[in-house]
Amino acid sequence: MPDCATAAPSHIPVRPLAQAASDLIVVVERRRDFRWPDPDGRVMTAGAYVAAQPGRPRRVINLCRHADYLSAGYYASLLAEARGDRVTPALRTLADLVGAGTGQADLADSLADLNPRLVHLPPPPAGAARHAANIYFGRTPDTGLTDVAARLFQRLDYPLMRLTLAYGEGGWRIAGLVPLGTDAVPRMHDVFFLNALEAYARRRWQRPRGPAAPSFTLGVLHDPDDPLPPSNAGTLAHLARVGDDLGVRVEVIGRRDYRHLARFDGLFIRETTAVPHHTFRFARRAEALGIPAVDDTTSILRCTNKVFLAETLAGHGVATPRTRLVTRATLAEVAATLTFPAVLKAPDGAFSRGVERVMDIDAFHRVAAALLARSQIILAQDYLPTAFDWRVGVLGGEVLFVAQYYMCPRHWQIVRHAADGSHDEGATRAVAVADTPTAVLAAALAAARLMGNGLYGVDLKQLPSGEVVVIEVNDNPNLDVGAEDRAAGPLLWRRVIGHFLTAAGRAPMPGSAAVSAIDLPTAERAALARAAAVRAAVA
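In this text, all values refer to a predicted model and were calculated from it rather than measured experimentally.

Draft legend 1. Looking closely at the overall build of the chain. From N to C terminus, the chain includes 16 helices and 22 strands. By the burial criterion, 54% of the 539 residues in the chain qualify as buried. Accessible surface, the chain: about 23000 Å² in total, of which carbon and sulfur atoms supply 52%.

Following this line, the structure appears as structure tokens:
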């Protein structure tokens, strides 16, 4: 590609990293991964960053060579967001480029709108049909790709990337994009890389620009084979009937409908979500299309990792059980502070999976070793036994429902999993908002507000002392007819549908301030008024 020659960088003066903003730090996996000068000591390892006490917000450039799910690089970005630091790359970027469910074909499809910007490039030499270019903070030594490199960084916000182009009948097109570690920077690019880093460090920090989210059939993503779905088939049929009353068509879809997502006006994910999973890809695709999605990618990223939850809740003064982050290096130190029994948690456990009660120090070391085999960080928490957990459903910053989830008989958790794959669940008792302790509502709303503006199920315990502690915030809470809606009634389902209409700019949400209170039953008016008062108190 003659017009994609590599620019000779040797004449470009190198500005030291020390001249960058004073609040900047660069995180690498191992100190030797950053082979360039660091006169002001801004480079630190991921381990040191994880162990550091949160302070005033900083700018963090995450250059860890491993950024796949639950790796050191993943946790560097996750904790940066939890602490309020401004980090590049953001968590959602890691999920896009590094997630196990990320396909290069799907990624290339999402970037196809940039292909017209390659038309000026000449055909390749005979026998060559592909071309690769390194991109450092939106800059590339390949002079013919300057504009595309800048636009890719503006959109994806990943510091170091390798762009692959393929040549065919229609000319050049984007065929793939993969993240790079600092070890992939060739020495001939040293000067170019350092100047790109310095230029980025000096500029005003901005969030990456995603595609605009314009305006509304509601697609409901559901797996009929899921043994613990957040909503069962009967509930989805009921939701469809409510939608008909409101002029909304509800259509149940599966993972094979990914490429057809553009024909829907809203996406309601009713599968158990995870980051390296097709549910996250659906949410990301919906956002790229400007389609309102529940759950959104930010909520999935934040709520599916208990390390993020613990760091965020603690950083904002939300009461939780005493929690310690555990790594291989801190095993002995944490063990010495525990009172047994205690609880160990994998960061991405769900439905009582990945959560273990340990009765003594030997069990602690045995279970911790197993959990640390798949995650760099796990959590240790005080064990706080109660007959039930409070579950407060929050949608768009307002209380949607309240329930009590009772522990499974003769078990310490709500769900008990058997070795053969079967499970038992404790009872669910719906509670009217008006009958819910104010402290429970206030804690739930405060915790949900830190996760975003989507649909959350906040789990709480009220201790014998009256103190309320938040256990976790779930991004994909159960919603079933005859369970969570027993106290809230028909209003719950109207508000769920209305949330999507509002997000798409179609209509005010039923039950919100935009609907006349006269139109609502007395019990619903009282519940909404109480929830509004609590929300105002914690705002």
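Draft legend 2. Representation of the pairing of strand β8 (residues 218–221) in the model. Across the two faces of β8 the burial is the same, with Leu-218 and Val-220 and Gly-219 and Leu-221 all buried. For the crossover from β8 across helix α7 (residues 233–245) to strand β9 (residues 250–253), the handedness is right-handed. In this structure, β8 lies alongside strand β10 (residues 266–269), joined through four bridges in parallel fashion. The residue bridging Leu-218 from the neighbouring strand is Gly-266, located in β10.

Draft legend 3. Just the environment of Asn-476, in detail. Mapped onto the fold, Asn-476 is located in the loop between β22 (468–474) and α14 (485–488). As a C-alpha pair, Asn-476 and Tyr-456 span 20 residues in sequence and 6.4 Å in three-dimensional space. Setting aside its immediate chain neighbours within four residues, Asn-476 contacts Pro-230, Ile-269, Arg-270, Glu-271, Thr-272, Thr-273 and Asp-295. Side-chain polar atoms of Asn-476 contact the backbone oxygen of Glu-271, separated by 3.3 Å.

Draft legend 4. Quick look at the packing of α7 against helix α15 (residues 490–503). At a minimum axis separation of 10 Å, α7 and α15 run at an interaxial angle of 70 degrees. Taken together, the axis directions place α7 and α15 in an arrangement best described as roughly perpendicular. Of the residues in α15, those touching α7 at Thr-235, His-238, Leu-239, Val-242 and Gly-243 are Trp-493, Arg-494, Val-496 and Ile-497. Its residues assigned to classes, the contact of α7 with α15 shows five nonpolar, three polar and one charged.

Draft legend 5. Looking closely at the nonpolar core. Counting residues in hydrophobic clusters, the biggest one holds 111 residues, and the most contacted among them are Phe-137, Phe-193 and Leu-460. The leading source of residues in this core is helix α2 (residues 72–82), at eight residues. Not counting residues within four places of it along the chain, the set of residues in contact with Leu-460 comprises Asp-389, Trp-390, Val-392, Val-440, Ala-443, Ala-444, Val-468, Val-469, Val-470 and Ile-471. Listed in part, the 25 residues of the second largest apolar core include Val-294, Phe-401, Val-496 and Phe-500.

Draft legend 6. The pattern of salt bridges, seen in detail. Applying the stated criterion across every chain yields a total of 18 salt bridges. For Arg-35, the salt bridge identified is with Asp-190, shortest N-O distance 2.7 Å. Highlighted residues: Arg-35 in the loop between β1 (24–28) and β2 (43–45) and Asp-190 in helix α6 (residues 190–202), separated in sequence by 155 residues. Relative accessible area serves as the criterion here: at 16%, Asp-190 is assigned to the buried category. Between Arg-391 and Asp-459 there is a salt bridge whose closest N-O contact spans 2.5 Å. Taken together, the residues Arg-391 in strand β16 (residues 388–395) and Asp-459 in strand β21 (residues 455–462) connect sequence positions 68 residues apart. Just as Arg-391 is buried, Asp-459 falls in that class too. Overlapping salt bridges, with partners in common, bring together Arg-30, Asp-33, Arg-65 and Asp-183 in one network.

Draft legend 7. Spotlight on the sheet that holds β2. A sheet is described by the order of its strands in space; here four strands give the open sequence β2-β1-β3-β4, paired in parallel fashion. Every other strand in the sheet has two partners, leaving β2 and β4 (86–88) as the edge strands with one partner each. In this sheet, adjacent strand axes meet at a mean angle of 30 degrees when their direction is disregarded. Bridging between β1 and strand β3 (residues 59–62) involves four bridges; their strand directions are parallel. Across the sheet, the residue bridging to Leu-24 is Arg-59, located in β3. The sheet strands contacting α6 are β1, β3 and β4, and the helix crosses β3 at an angle near 150 degrees.

Draft legend 8. Local environment of the pairing of β9. Where β8 meets β9, four bridges bridge the pair, whose relative direction is parallel. If you follow Leu-218 over to β9, its bridge partner there is Val-250.

Draft legend 9. Spatial organisation of the packing of α2 against helix α10 (residues 306–315). Running from N to C, α2 and α10 point in directions that differ by 30 degrees, and their axes come no closer than 8 Å. Viewed along their axes, α2 and α10 adopt a mutual orientation that is roughly parallel. In the crossing of α2 with α10, the sense of the turn from one axis to the other is right-handed. Between α2, through Tyr-75, Leu-78, Leu-79, Glu-81 and Ala-82, and α10, the contact on the second element is made entirely by Val-307, Phe-308, Glu-311 and Thr-312. Residues of the contact of α2 with α10, tallied by class, amount to six nonpolar, one polar and two charged.

Draft legend 10. Region of the structure containing α2. Of all eleven residues in α2, ten are buried, a share of seventy percent or more. Following α2 by one or two positions, Gly-84 adopts a phi angle in the positive range, close to 85 degrees.

Draft legend 11. Highlighting the sheet that holds strand β20 (residues 428–431). Ordered in space as β20-β17-β16-β21-β22, the five strands form an open sheet in which the pairing is antiparallel. Every other strand in the sheet has two partners, leaving β20 and β22 as the edge strands with one partner each. Strand-to-strand twist in this sheet, taken as the mean axis angle between neighbours without regard to direction, amounts to 25 degrees. Examined bridge by bridge, strand β17 (residues 398–406) and β20 share four bridges and lie antiparallel to one another. The residue of β20 that forms the bridge with Tyr-405 is Thr-428. The strands touched by helix α13 (residues 438–449) are β16, β17, β21 and β22; relative to β21, the strand with the most contacts, the crossing angle is about 135 degrees. In the packing of α15 onto the sheet, the strands contacted are β16 and β17, and the crossing angle to β17 comes to about 130 degrees.

Draft legend 12. Expanded view of the environment of Ala-105. If you trace the backbone, Ala-105 turns up in helix α4 (residues 104–110). As for Ala-105 and Ala-175, which are separated by 70 residues in sequence, their C-alpha atoms are 7.2 Å apart.

Draft legend 13. Molecular detail of the packing of aromatic side chains. Following the criterion strictly, the structure yields 15 aromatic pairs and no others. Each ring, one from Tyr-69 and one from Tyr-74, has its centre 5.1 Å from the other, and the planes form 80 degrees; the classification is edge-to-face. The exposure classification of Tyr-69 matches that of Tyr-74, with both residues buried. A centroid spacing of 6.4 Å and a plane angle of 40 degrees characterise the contact between Phe-137 and Phe-193, whose relative ring orientation is tilted. A residue pair is termed long-range when its members are at least 10 positions apart, and Phe-137 in the loop between β5 (130–136) and α5 (146–156) and Phe-193 in helix α6 qualify at 56 residues. Taking the relative accessible area as the measure of exposure, Phe-137 reaches 4% and is therefore buried.

Reading the values: the criteria
- Residues numbered from 1 in each chain as written.
- Predicted model: local features only at pLDDT ≥ 70, side-chain atom pairs only at ≥ 80, totals over all residues.
- Heavy atoms only, no water.
- Helix = DSSP H or I, 4+ residues; strand = E, 2+ residues; numbered from the N terminus.
- Buried < 20%, exposed > 50% of the residue type's maximum accessible area, 1.4 Å probe, protein only.
- Areas by Shrake-Rupley, 256 points an atom, 1.4 Å probe, with all protein chains shown as cover.
- Right-handed = clockwise from strand over helix to strand, strands pointing away.
- Pairing = 2+ DSSP bridges.
- Contact = heavy atoms within 4.5 Å.
- Polar contact = N/O pair within 3.5 Å; in protein donor to acceptor, adjacent residues only side chain to side chain.
- Axes fitted to C-alpha atoms, helices over the stretch in contact; angles between N-to-C directions.
- Parallel < 35°, antiparallel > 145°, perpendicular 65-115°, else oblique.
- Nonpolar A, V, L, I, M, F, W, Y, C, P; charged D, E, K, R; others polar.
- Core = buried A, V, L, I, M, F, W, Y, C linked by side-chain atoms within 4.5 Å.
- Salt bridge = Lys/Arg side-chain N within 4 Å of Asp/Glu carboxyl O.
- Left-handed = near helix turned anticlockwise from the far one by under 90°.
- Phe/Tyr/Trp six-rings, centres within 6.5 Å; stacked < 30°, edge-to-face > 60°.

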